[in-house]
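# Fold and geometry: a report
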Amino acid sequence: GETNPFRTSYAGGQLSEVPLLLWTDGLSASASEVLAGGLRDNCRAALVGSKTFGKGKIQAVFGLSNGGGLTMTVAQYLTPKGSVIQGKGLQPDIPISSITNAYVG
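Note that the structure is a prediction, hence the values are computed from the model and not measured. (Residues numbered from 1 in each chain as written. Predicted model: local features only at pLDDT ≥ 70, side-chain atom pairs only at ≥ 80, totals over all residues. Heavy atoms only, no water.)

### A short note on the sheet that holds strand β1 (residues 21-24)
The strand order across the open sheet formed by three strands is β1-β2-β5, and the pairing between neighbours is parallel. The strands lining the two open edges of the sheet, one partner per strand, are β1 and β5 (94-95). Across four bridges, β1 lies against strand β2 (residues 46-49) in parallel orientation. Its bridge partner being in β2, Leu 22 is matched across the sheet by Leu 47. (Pairing = 2+ DSSP bridges. Helix = DSSP H or I, 4+ residues; strand = E, 2+ residues; numbered from the N terminus.)

The structure is reproduced here in structure tokens:
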């Protein structure tokens, strides 16, 4: 098959040449999706498993003078290449269904 190397743009780190796989699934959300998307978009890691949850909104809670509160979406996470995470999640590079004889222990 075809080989697609994953490399970092920073060559000075001790672990920059070590292959890196990140396990993702439907429970991977928010900060873990930002990390996974950043590592993948910078060609540092491949995602293995299944689609992530898709939580990419940043919300703030504001107190109101009557004692109530207001939750407001103030921003959203994007990957370095501009991919939207919210509601879509991240698709793995290597879907779990394509791994045969996998051992998790």
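### Regarding the nonpolar core
In this structure, Leu 22, Ala 36, Ala 45, Leu 47, Ile 85 and Leu 90 together form the largest nonpolar core, which totals six residues. If we skip the residues at most four places from it in the chain, Ala 36 touches Leu 22, Thr 24, Leu 47 and Leu 90. (Core = buried A, V, L, I, M, F, W, Y, C linked by side-chain atoms within 4.5 Å. Buried < 20%, exposed > 50% of the residue type's maximum accessible area, 1.4 Å probe, protein only. Contact = heavy atoms within 4.5 Å.)

### Describing the environment of Gln 86
In this structure, Gln 86 sits in the loop between β4 (69-76) and β5. What makes Gln 86 partly exposed here is its relative accessible area of 26%. Taking the C-alpha atoms as reference points, Gln 86 and Ile 58, separated by 28 residues in sequence, lie 9.9 Å from one another. Other than its neighbours up to four places away in sequence, Gln 86 contacts Gly 54, Lys 55, Gly 56, Lys 57 and Gln 76. Within polar-contact distance, the side chain of Gln 86 engages the backbone nitrogen of Lys 57 at 3.0 Å. (Polar contact = N/O pair within 3.5 Å; in protein donor to acceptor, adjacent residues only side chain to side chain.)

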